[in-house]
Amino acid sequence: MMDKKKVFCTALIFLGCILNSVVFAQFGSEGAVDANSMGMGKSYNASSTGVYSIGINPANLINTQDKTTEFQTILPIPYLAFRSGTNFMTFNDLNYFFGGVNGKARHLDDEDKKRFNDLFEDGGVLFANASVNLLSVSYNYGEDIGAFAFSAHDLISAYMKFPQAITELALFGNQPGKKFDLGETDTQSWWIRSYSLSYAREISEIRIPGFNKFGAGVSFKLIHGFSYTGTERVLTSFITGEKYQISGSADLLAHSSFSDAFGVKYGFDSTEKKSDMSLFPSPAGSGIGFDIGVNAQYGDNWLFSLAVTDIGKINWKKNVAEFSASGEIEFEELLDRELRDSLYKNITGEGKSIINHSTSMPTTLRLGAAYYTDENQSSIPGSLIVVLDYNQGFNNMPGNTTTPRVSIGGEWKPEDWFPYFRTGFSFGGITGLNWAFGIGTIAGPLELNFATSDFHVLFAPNESKQVSFALSSRWRF
């Protein structure tokens, strides 16, 4: 069997194949959201109003008082949301395996290796989502005319999943008769900016007993994409024979695209490029999308919501590269440098420039219900909102997942002079169970909010796998 150093190098080759094939040059059901919604466990489909309804359900624009103006800017507190972490490794695990001992790397015994490898049993997922609002404005004229909104919003998402086969190879070597399947490997990332124009109106023509009103809305979006990397197919696998020879097949397809502002230079491109980043970089891709939504109010307390968001595609045209590999893998001895180089080439494939590449937007189905009550309707002091949401993506683009996510949350304001207290739980999606908490306050026309969707971190920080926060403010007149 090959010694551990050589085995580790071999593992790095395969991991590097996956990473380098997409990043070497280099919104949705899960994306980061405003602090108001994050504090309620990322529950927002029926409870969002005004500028907070942009990107969630445009019909909710009518759920404000007539002749009301709202806007968000980067002052006094910017709309900023961030979430990052893993689905497999806690901070305690991270410190144990990578924190070292007395300034030196930890030596892993057999029990440590098994524990580390078991962390990746369902695949290792790393993710990061960030959202920044540049400007949002909404105005509700009233029932006869409707409500309008405009927004400019940046969304940055990255996702990487790598299979247990990588750690098995690194920890235990190329064991005879062992099959290493890299098919679970998936990487997706992008930076996109959405310019949206929304309109919503009450549908007074619809009359159903018990329901006070129905509304409908639509958002039209111009999308500018500044960067994209993604694997579309990774079907590579190999097996070790009795004499430690390696045989298998490689099948890889990946794409990337970057704005000229990044100055990206691919390995197959001899042209020299320089970065020139600004607040408004030239787009690498563009697309047209839209959101559609309806809502209904039942009695004085219930709101229901249904929307499909981010319908459309992005066409990437700048600095577009395609990486592909296919064929058989046959190696007798990985210690030979030429064979290792050949293996690397077979896995990463050949990179080439292409004219364009299209990707779907993170299309998402959103359902929600909200119950409102105050001290005039119940024995609970102040005002209370309870919300229930269901979100499911139609694809696995960055910030999105086809795995359903259900959440329940609430907002309570005990007295006029008290802040808003928010909490909620989210189940499913990429990250499973999460407990959220947030607070908010109103000072005249200004509303300020802060939240985290990982409140449990405060009670067991070393057992947490993710970290998140959101800050937001909005002006109301």
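Here, the structure is the one placed above.
Described in the following lines is the structure provided in the data block. Bear in mind that the values here come from a model prediction, so they are computed numbers and not experimental data.

## Section: the overall build of the protein chain
Of the regular secondary structure elements, the protein chain holds six helices and 21 strands. Looking at the 477 residues of the protein chain, the share that counts as buried comes to 51%. Summed over its atoms, the accessible surface of the protein chain is roughly 21,700 Å², and 60% of this surface lies on carbon and sulfur atoms.

## Describing the side chain of Gln72
As for its position among the elements, Gln72 is in strand E1 (residues 68-72). On the basis of relative accessibility, which here comes to 1%, the residue Gln72 falls in the buried class. Side chain to side chain, Gln72 and Asn133 meet in a polar contact 3.4 Å long. A polar contact of 3.3 Å, which involves the side chain of Gln72, links it to the backbone oxygen of Ser473.

## Overview of the pattern of salt bridges
Inspection of every chain in the model, using the stated rule, returns 14 salt bridges. Note that Glu70 is salt-bridged to Arg474, the shortest N-O span being 3.1 Å. Linking Glu70 in strand E1 with Arg474 in strand E21 (residues 466-476), this pair joins segments that are 404 residues apart in sequence. For the pair Glu70 and Arg474, one class covers both residues: buried. The salt bridge partner of Asp118 is Lys114, with a shortest N-O separation of 2.9 Å. Here Asp118 and its partner Lys114 are both found in helix H4 (residues 110-118), four residues apart, which amounts to about one turn of the helix. In this structure, a network of salt bridges that share partners links the residues Glu70, Glu447, Arg474 and Arg476.

## Some thoughts on H4
Buried residues of H4: Asp112, Lys113, Phe116 and Asn117, and no others. Considered in projection along H4, the buried side chains sweep an arc of 130° and stay on one side of the axis. What points out from H4, more than 90 degrees from its buried face, is the exposed set Asp110, Glu111 and Lys114. Two or three places before Glu111, at the opening of H4, Asp109 has a side-chain oxygen 3.1 Å from that residue's backbone nitrogen.

## Examining the pairing of E1
Across the two faces of E1 the burial differs, with Thr68, Glu70 and Gln72 buried and Thr69 and Phe71 not buried at all. Sheet analysis places E1 next to E21, joined by two bridges and oriented antiparallel. Of the residues in E21, the one forming a bridge with Phe71 is Trp475.

## Section: the nonpolar core
Within soluble globular proteins, side chains that are nonpolar tend to cluster in buried spots. Within the largest apolar cluster, twelve residues are counted, these being Ala165, Ile166, Leu169, Phe180, Leu182, Val234, Phe238, Ile246, Ala250, Leu252, Ala325 and Ile329. Listed by contribution, the elements that provide at least two residues to this core are helix H5 (164-172), strand E9 (246-258) and strand E12 (321-331). If we skip the residues at most four places from it in the chain, Ala165 touches Phe180, Asp181 and Leu182. Counting residues in each nonpolar core, the second largest holds eleven residues, with Ile192, Tyr228, Ala284 and Met361 among its members.

## Observations regarding the pairing of strand E2 (residues 80-86)
Within E2, five of the seven residues are buried, leaving the element largely enclosed by the surrounding structure. Judged from the six bridges that link them, E2 and E21 form a sheet pairing that is antiparallel. From the neighbouring strand, Ser84 faces E21, where its bridge partner is Val467.

## Section: the side chain of Ser426
Position of Ser426 relative to the elements: it lies in strand E18 (residues 420-428). A polar contact of 3.1 Å, which involves the side chain of Ser426, links it to the side chain of Arg405. Every residue in contact with Ser426, bar those within four places of it in the chain, is listed here: Gly41, Arg405, Val406, Ser407, Gly432, Leu433 and Asn434.

## Here we look at the environment of Asp276
Residue position: Asp276 is located in the loop between E9 and strand E10 (285-298). Exposure remark for Asp276: the relative accessible area of 60% places this residue in the exposed category.

## Description of unusual backbone geometry
Of note, Lys42 is a non-glycine position whose phi angle comes to about 55°, a positive value. Phi angles above zero are rare outside glycine, and Asn319 is one such case at about 50°. With respect to the helices and strands, the residue Asn319 is situated in the loop between strand E11 (302-316) and E12.

## Points about the packing of aromatic side chains
For the structure shown, the criterion picks out 25 aromatic pairs. Arranged with centres 6.4 Å apart and planes meeting at 0°, the rings of Trp475 and Phe477 form a pair that is stacked. Among the aromatic residues, those joined into a cluster by ring pairs are Trp191, Phe226, Phe258, Phe262, Tyr266, Phe268 and Phe323. Seen from the ring of Tyr96, Arg115 lies directly overhead, with NZ or CZ sitting 4.5 Å from the centre. Against the face of Tyr420 rests Lys413, its NZ or CZ located 4.7 Å from the ring centre.

## A word on a negative patch on the surface
A contiguous patch of negative charge, built from Glu121, Asp122, Asp181 and Glu184, is present on the exposed surface. Its location among the elements puts Glu184 in the loop between strand E5 (179-181) and strand E6 (186-202). Of the residues examined, Glu184 reaches a relative accessible area of 43% and is grouped as partly exposed.

## Some remarks on the packing of H4 against H5
At a closest axis distance of 9 Å, the pairing of H4 and H5 adopts a crossing angle of 165°. If you check the angle between H4 and H5, you find them roughly antiparallel. Between H4 and H5 lies a crossing of right-handed hand. Between H4 and H5, the residues in contact are Lys113, Lys114, Phe116, Asn117 and Asp118 and Gln164, Thr167, Glu168, Leu171 and Phe172, respectively. Here the residues of the contact of H4 with H5 sort into three nonpolar, three polar and four charged.

Thresholds, definitions, all that
- Residues numbered from 1 in each chain as written.
- Predicted model: local features only at pLDDT ≥ 70, side-chain atom pairs only at ≥ 80, totals over all residues.
- Heavy atoms only, no water.
- Helix = DSSP H or I, 4+ residues; strand = E, 2+ residues; numbered from the N terminus.
- Buried < 20%, exposed > 50% of the residue type's maximum accessible area, 1.4 Å probe, protein only.
- Areas by Shrake-Rupley, 256 points an atom, 1.4 Å probe, with all protein chains shown as cover.
- Polar contact = N/O pair within 3.5 Å; in protein donor to acceptor, adjacent residues only side chain to side chain.
- Salt bridge = Lys/Arg side-chain N within 4 Å of Asp/Glu carboxyl O.
- Arc of directions from axis to C-beta.
- Pairing = 2+ DSSP bridges.
- Core = buried A, V, L, I, M, F, W, Y, C linked by side-chain atoms within 4.5 Å.
- Contact = heavy atoms within 4.5 Å.
- Phe/Tyr/Trp six-rings, centres within 6.5 Å; stacked < 30°, edge-to-face > 60°.
- Lys NZ or Arg CZ within 6 Å of the ring centre and 35° of its normal.
- Patch = residues over 30% accessible without salt bridge, like charges linked within 9 Å, V, L, I, M, F, W, Y side chains within 5 Å.
- Lys, Arg positive; Asp, Glu negative; His and termini not counted.
- Charge placed at Lys NZ, Arg CZ, Asp CG, Glu CD.
- Axes fitted to C-alpha atoms, helices over the stretch in contact; angles between N-to-C directions.
- Parallel < 35°, antiparallel > 145°, perpendicular 65-115°, else oblique.
- Left-handed = near helix turned anticlockwise from the far one by under 90°.
- Nonpolar A, V, L, I, M, F, W, Y, C, P; charged D, E, K, R; others polar.

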